[in-house]
Structures are given as structure tokens and as C-alpha cells.
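Breakdown of the fold
Given next are the chains, with one letter for each unit.
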Amino acid sequence: MTKKRLLAALPLFLGALTLAIAATGCGGSKSSTSSSSSSGGTFRLGTASGIDSLNPYVAFNQDAYSAFEYTYPILVQYDSNLHYAPFFAKSWHASNDGKTWTFKTQPNAKWTDGKPLTAADAAWTINTDIKYKDGGAANAAGLVNHITKATAPNATTLVVKYDEAPGPTWVLGQFQQFFILPQHIWAQHIGKDGAGLKTFPNNAPVVGSGPFTLVKYQKNQITLFKRNDSYWGTKPKIDEFGLQQYSNDDAMVTALKSGDLDAIETVPATAMKTLRNAGFEVSDVPGLDQTDFIINSNPQKKTHRELLDLKVKEAFDHAINRQKIDEVTFLGAAQPAVSIIPAPAGAGWHNPHLKPVTFDLDLANKLLDQAGFKRGPGGIRVADGQKMSYNVVAPTDVQSIPRTFQILQTDFAKIGVQLKQQALDSSAAFAKMTSPNNTYQGFDLAMWDWTALIDPDFMLSVVTCDQYGGWSDSGYCDKDYDKMYTEQQVAPSEAKRRQIVWAMQAKLYKDRPYLWLANDDSVAAVSSDWADFQNTAQGPFNELNIESLTQVHQK
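1. Some points on the overall build of the protein chain
Secondary structure summary: the protein chain contains 16 helices and 25 strands in total. For the protein chain, with 555 residues in total, the buried portion stands at 60%. Per element, the accessible surface of the protein chain, about 19700 Å² overall, is 50% carbon and sulfur.

Below, the structure is given as C-alpha cells:
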């Protein structure tokens with residue numbers, strides 16, 4: 001399944017410092033295979049999503065951001081209790097006024113091309129993202145909010161200055177998602193006004209400084225990673241791993257059964273029982289992925305402006321049978337979704353007062369009648385002289401969309417609304433939704449999914465006005481919401497921040513740029529040839545899993 005991370009980096013419950021994290025309370029599932037196993041070997045993981053780009057300023061699939069976790073250094077990570085722990089930054093402290101943060105970084109680190117990796121690379125990446133946050137670095141804009149500048153007084157000291165004192169958990173949460181790039185590579189590709197940041201292909205082999213080196217990449221096919229023996233952190237046990245993308249779920253499952261794969265990242269619901277019966281370990285844990293029905297909420301939308309009417313949005317919400325989606329599409333391995341921050345996200349960020357909207361076609365029809373949209377020929381309602389007939393942009397690499405769309409299409413027809421699926425690959429889908437020139441005039445409705453992070457800031461950022469041309473896939477832009485977004489970043493306490501975060505979710509619940517469908521489980525399968533396979537709420541393609549893997553039986 002595509003994890004639309006259109007958008008900034010994903011924390012993945014990982015950390016080379018805490019290889020047992022999933023077994024100690026993060027909701028992960030661990031293979032019961034004996035851990036008395038040999039090291040080395042090649043691990044082959046199948047996916048229906050894949051890596052859409054090797055450029056962090058362009059990529060938006062979760063697998064791409066997982067790949068960046070393996071490739072680039074990050075200042076901090078989570079420990080097994082979801083507390084922030086040292087990573088590339090060995091320690092940190094804030095000034096008395098909270099406006100200056102100092103990080104001490106790992107000494108003697110190197111990039112994979114042998115050049116030194118220092119705090120200066122981190123300072124350069126931060127300053128570059130600040131300078132071009134309204135252009136080429138838009139995807140990273142939220143991560144550098146409130147930062148005025150960064151400096152590196154020496155090779156192991158990074159100093160970050162803020163315009164006002166941010167909340168401590170917010171600072172570390174942002175840097176847990178922030179990839180440090182090699183200045184000597186990327187400085188050559190900034191281009192005019194930062195435009196080159198988005199056009200640089202960053203071809204393999206990628207110069208990085210993570211536990212693995214990305215050495216081969218063929219879009220929509222395969223990505224190959226080899227162990228980085230010069231890595232400054234804990235080195236992986238396996239020699240290499242490959243990510244193989246499949247456009248057909250049946251072919252992916254067949255490849256696992258025949259031994260051409262060692263594991264599947266996201267098991268189709270229809271294959272769970274079959275794979276268990278065939279002897280594969282299928283782990284099913286509460287997930288952070290949520291499917292959504294997106295309504296173009298651009299206030300400047302030129303056509304089908306009835307979609308901006310809150311009564312229309314509410315009617316659509318009541319026409320969604322979430323229970324049927326969970327039962328038919330996911331075969332019970334999901335629960336109804338309700339908010340942009342999913343319930344399993346942890347740390348109390350999900351607003352518990354929000355409840356799934358009821359499935360009520362009578363009420364949906366009543367709302368549309370009250371809005372004045374009468375039925376025309378064929379029973380399709382008419383708004384401003386146009387039929388309420390819409391193309392629904394649907395990325396082809398999201399496994400759940402075809403079945404879910406059939407359910408929506410049938411029920412929407414009962415309220416006089418015609419839906420037509422427009423299947424596109426993920427890159428073409430996002431391009432259409434933001435077209436032309438990031439004005440969000442190119443679509444009416446869409447379906448996709450998001451995989452949330454532990455800290456809520458990123459998910460909350462994707463519907464800010466600043467994310468036009470960045471992570472925004474809904475065109476939503478509301479100044480009151482943006483004000484709350486900024487306020488939660490500088491909240492003086494976690495309790496105050498939580499209060500604001502809950503209020504932001506309540507506003508989105510009312511404004512409905514997204515109609516949330518299903519919060520699906522993370523379901524993965526692995527061969528008994530491998531031990532210490534870790535599935536997490538964000539899936540098994542993560543640094544924790546690949547670093548701890550060991551091969552039990554040599555092929």
C-alpha cells in the first residue's frame with residue numbers, strides 16, 4: 001500500500017540504539033523463530049508501494065522516506081519508550097530563554113564517498129531549507145519553522161537559533177524527521193531560487209551516511225541497499241537487502257510462496273489466511289495508516305464550488321459505510337477512521353472526543369435537499385447547472401482503493417451523486433491534484449492514504465496554507481487553522497500543546513478536507529528463514545527491522 005508521505009520524513013519506531021524496541025512495547029510483532037542465527041545474507045522485501053523518487057524534496061511515498069532513514073543521518077531518534085534518544089546528536093541542551101539549542105554530534109563520521117560528515121552539513125541543510133522554504137524546499141518548511149539560522153562553530157557542534165522559544169518536545173520531534181544532506185553534493189544543485197533542489201535526481205549510488213548505502217534504483221521495479229561498513233552507528237547484521245515493487249498483489253504473494261521474496265511489506269487482506277496456512281508468519285498490529293476520501297477544499301476553486309459547502313461535505317460523510325469498508329476491503333483488519341491523527345499514534349495526541357460519522361443515507365439525502373441540489377436526469381443531482389458527477393483521482397499503488405471505491409460509488413449513487421474512478425500512478429495523481437502550477441484546480445475528489453508519525457506536527461502541517469506546492473493534497477487553506485498550527489509549536493507545556501492539537505483536529509473534523517475512511521492494521525508476512533523480523537505500526541520497512549534481521553537458514 002502506498003503510504004502517502006507526500007510529505008516530510010517519517011519516524012519509524014526505529015533506532016540503531018534500541019534494536020529490541022518492537023518487542024518492548026511499541027506495538028510491534030516479532031518473529032518467534034529462534035534467534036540463534038547467522039549474520040549476513042540478502043533480504044528481499046516485496047511492496048505494492050515502492051520508492052517514487054530518491055530526492056527528499058520531491059518524494060512522497062512512505063517507502064521513499066523509509067529509504068532516506070537508511071541513507072541519511074538524523075539528529076535524534078526514539079527509544080523503546082518513545083522518548084527521544086541520542087542518534088547523530090550525542091547530546092543537546094537549550095539556553096535559559098529556550099531560543100538557542102546546541103547539539104553535540106558524532107565525531108569522525110564520514111559520508112559514503114569518504115568525505116567528512118560534520119555539524120556543518122547539518123547547519124547547511126537547515127539554512128538551505130529556511131532560505132528556500134517557499135520554493136524548492138517547501139516539503140521541509142514545517143521542519144524549520146521558527147528557526148532563524150544554524151551555525152557550526154566546530155565539527156561536532158551545531159547551534160540552532162529560534163525566533164521564539166519553541167516547546168521542547170516539538171523541537172526534538174522536528175529533528176527526528178530531519179534528514180541531514182551532504183553539503184558537498186547538494187550545494188552544486190540548488191539552482192536559481194532553489195528550484196534545483198527539486199530537479200536534482202540524486203541518482204544511485206546515493207551519497208549518504210546511514211546504516212546502508214542505496215546502490216541501485218529502478219523506479220517502479222527494484223531498489224538495492226548494501227551495508228555501509230563505514231557507518232558511525234551500530235552496523236546491520238545482513239549484507240544487503242532489496243525492495244521489489246509489484247503492481248499486482250497476486251504476483252507479489254506468489255513470489256513470496258515460491259521463495260523469490262523473503263517477506264511482504266503489506267499483506268493484502270485476501271492473502272492473510274492463505275499465507276498463514278502456507279507456514280509464513282503473518283503479523284497483524286494496530287497501524288498508523290489511514291485511508292481517506294479527499295475533497296478539494298481550495299477556497300479559490302473555480303469549478304464544482306458546491307464541494308466547498310459544509311452541508312455537501314457532511315452529506316458525503318454520512319454516505320460512507322465505514323463498517324462495510326472495514327469488513328469487505330480489509331476483512332476486519334481495520335477500524336473506522338475519524339481524525340487526521342489516528343488513535344494508535346500514542347502520547348495522547350489523538351482527540352478522543354471525535355467519533356466516526358454515522359452511515360445514514362436518509363440524512364445525507366436530507367442535507368443535500370436542504371442545500372437546494374435537486375435530482376436531474378438519471379437521478380443525479382444538479383448544482384449551479386452542473387451535474388454532481390465527479391472524477392475521483394485514485395493512485396494505482398494503494399491496494400485498498402478498488403474495493404473501497406466500489407462501496408462508495410454504490411452508496412453515493414443513492415444520494416444522487418455520481419463517482420467515476422480516475423486511476424493514475426501516484427506521481428501522476430499528485431501532479432493532477434496540484435495542477436496547474438500548484439493552484440489545486442485540477443481535481444474535485446480523490447482517494448489516498450496517510451501514515452501518521454508519532455509527533456503530530458507533520459500530519460497537522462499538510463493542511464496549512466504554506467504547504468501549497470508541498471505536502472498539501474486537499475488545497476485546504478484556513479488562516480485560523482494556520483494560527484493554531486503555529487501556536488502548538490511554541491506551547492509552553494505538553495498539556496497546552498495537546499489542548500491546541502485537539503482543537504485543530506476538531507476544526508478539521510468540521511471543515512472536512514478529508515473524510516477519513518479506515519485506520520488499517522499493519523500486516524506483514526515473513527519466511528521462517530529469517531529471525532528478528534519486526535513489524536511496527538508503520539510497517540516492517542524500517543531501520544529497526546532491517547538492522548536487527550538475521551538469516552536462520554541459508555538458501
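2. Examining helix α1 (residues 62-71)
One full turn of an α-helix is made of 3.6 residues, so residues set three or four places apart face in the same direction. With ten of ten residues buried, α1 is to be regarded as a mostly interior element. Among all positions of α1, only Q62, D63, A64, Y65, S66, A67, F68, E69, Y70 and T71 are buried.

3. Digging into helix α3 (residues 168-175)
For α3, a buried count of six out of eight residues is recorded, marking the element as mostly surrounded by other parts of the structure. All buried positions along α3 are accounted for by W170, V171, L172, G173, Q174 and F175.

4. A short note on the layout of surface pockets
In this model, the largest pocket occupies a volume close to 780 Å³. Contributing to the lining of the largest pocket are 39 residues, with A48, D249, V398, Q399 and S400 lying nearest its centre. Looking at the lining of the largest pocket residue by residue, the classes come out as 15 nonpolar, 15 polar and nine charged.

5. A word on the state of the cysteines
Within this structure, the stated rule accounts for one disulfide. For C465, the disulfide goes to C477, at an S-S distance of 2.0 Å. Looking along the S-S bond of the C465-C477 disulfide, the torsion reads about 105°, which is the right-handed sense. Of this pair, C465 sits in the loop between α13 (457-461) and α14 (479-489) while C477 sits in the loop between α13 and α14, and the two are twelve residues apart along the sequence.

6. Topic: the nonpolar core
The biggest cluster of nonpolar side chains holds 138 residues, and the ones touching the most others in it are F175, F293 and F316. With seven residues, strand β22 (residues 514-526) is the single largest residue contributor to this core. Grouped together as the second largest cluster of nonpolar side chains are 17 residues, V253, A255, V282 and A525 included.

7. Observations concerning the confidence of the model for the protein chain
Averaged over the protein chain, the pLDDT score is 89; the fraction of residues at 70 or greater is 90%. In this model, residues 1-38 is a region of pLDDT below 50 whose contacts with residues beyond four sequence positions or in other chains number 169 contacts.

8. Thoughts on the packing of aromatic side chains
According to the stated counting rule, one finds 33 aromatic pairs in the structure shown. Consider the rings of F103 and F175, whose centres lie 5.3 Å apart with planes at 80°: the pair is edge-to-face. Of this pair, F103 sits in strand β6 (residues 100-105) while F175 sits in helix α3, and the two are 72 residues apart along the sequence. The same class applies to F103 as to F175, namely buried. An aromatic cluster of three or more residues is present, and its members are Y65, F68, Y72, F179, W450, F458 and W471.

9. Structural notes on the pattern of salt bridges
Evaluated as defined, the whole model comprises 14 salt bridges. Between R227 and D229 there is a salt bridge, with its nearest N and O atoms 3.3 Å apart. As a salt-bridge pair, D511 and K507 come within 3.1 Å of each other at their nearest N and O atoms. Highlighted residues: D511 and K507, both in helix α15 (residues 494-511), separated by four residues, approximately one helical turn.

10. A short note on the packing of α14 against α15
At a minimum axis distance of 9 Å, the contact between α14 and α15 shows a crossing angle of 160°. The angle between α14 and α15 falls in the class roughly antiparallel. As α14 runs across α15, the sense of the crossing is left-handed. Here α14 contributes D480, Y481, M484, Y485, E487 and Q488 to the contact with α15, which in turn contributes R497, I500, V501, A503, M504, K507 and L508.

11. Description of the packing of helix α8 (residues 310-318) against helix α10 (residues 361-370)
Taken N-terminus to C-terminus, the directions of α8 and α10 make an angle of 165°; their axes are 8 Å apart at the nearest point. Regarding the angle of α8 to α10, the classification is roughly antiparallel. The crossing of α8 and α10 is left-handed. Contacts from K311, V312, E314, A315 and H318 of α8 reach α10 at L361, L363, A364, L367, L368 and Q370. Across the contact of α8 with α10, the residue classes tally to seven nonpolar, two polar and two charged.

12. Describing the environment of D384
For D384, the position within the fold is in the loop between β17 (382-383) and β18 (386-387). Linking D384 and F373, residues eleven residues apart in sequence, is a C-alpha distance of 8.5 Å.

13. Description of the side chain of T47
Positionally, T47 belongs in strand β2 (residues 42-47). Dropping the residues within four chain positions of it, T47 is found in contact with D63, L243, Q244, Q245, Y246, M252 and E265.

14. Focus on the pairing of strand β12 (residues 222-227)
Relative to β12, strand β11 (residues 212-218) runs antiparallel, the two being bridged by six bridges. By the bridge assignment, K216 is partnered in β12 with L224. With antiparallel pairing between neighbouring strands as the criterion, β11 and β12 make up a hairpin whose turn holds three residues, including N220 at a positive phi of roughly 65°.

15. Some thoughts on the sheet that holds β6
Here four strands make up an open sheet; going across it, the order is β5-β6-β10-β9 and the pairing antiparallel. Each end of this open sheet is capped by a strand with a single partner; those strands are β5 (89-94) and β9 (147-154). Strand after strand, the sheet turns through a mean of 20° between neighbouring axes, direction not considered. Docked against the sheet, α3 engages β5, β6, β9 and β10 (157-162), running at close to 45° with respect to β6.

Reading the values: the criteria
Residues numbered from 1 in each chain as written. Predicted model: local features only at pLDDT ≥ 70, side-chain atom pairs only at ≥ 80, totals over all residues. Heavy atoms only, no water. Helix = DSSP H or I, 4+ residues; strand = E, 2+ residues; numbered from the N terminus. Buried < 20%, exposed > 50% of the residue type's maximum accessible area, 1.4 Å probe, protein only. Areas by Shrake-Rupley, 256 points an atom, 1.4 Å probe, with all protein chains shown as cover. 1 Å grid on protein atoms, 1.4 Å probe; cavity = no way out; pocket = protein on both sides within 12 Å on 5 of 7 lines; lining within 4 Å. Points joined across faces, edges and corners; volume = space filled by probe spheres on them. Nonpolar A, V, L, I, M, F, W, Y, C, P; charged D, E, K, R; others polar. Disulfide = S-S within 2.5 Å. Core = buried A, V, L, I, M, F, W, Y, C linked by side-chain atoms within 4.5 Å. pLDDT = per-residue confidence, 0-100. Contact = heavy atoms within 4.5 Å. Phe/Tyr/Trp six-rings, centres within 6.5 Å; stacked < 30°, edge-to-face > 60°. Salt bridge = Lys/Arg side-chain N within 4 Å of Asp/Glu carboxyl O. Axes fitted to C-alpha atoms, helices over the stretch in contact; angles between N-to-C directions. Parallel < 35°, antiparallel > 145°, perpendicular 65-115°, else oblique. Left-handed = near helix turned anticlockwise from the far one by under 90°. Pairing = 2+ DSSP bridges.

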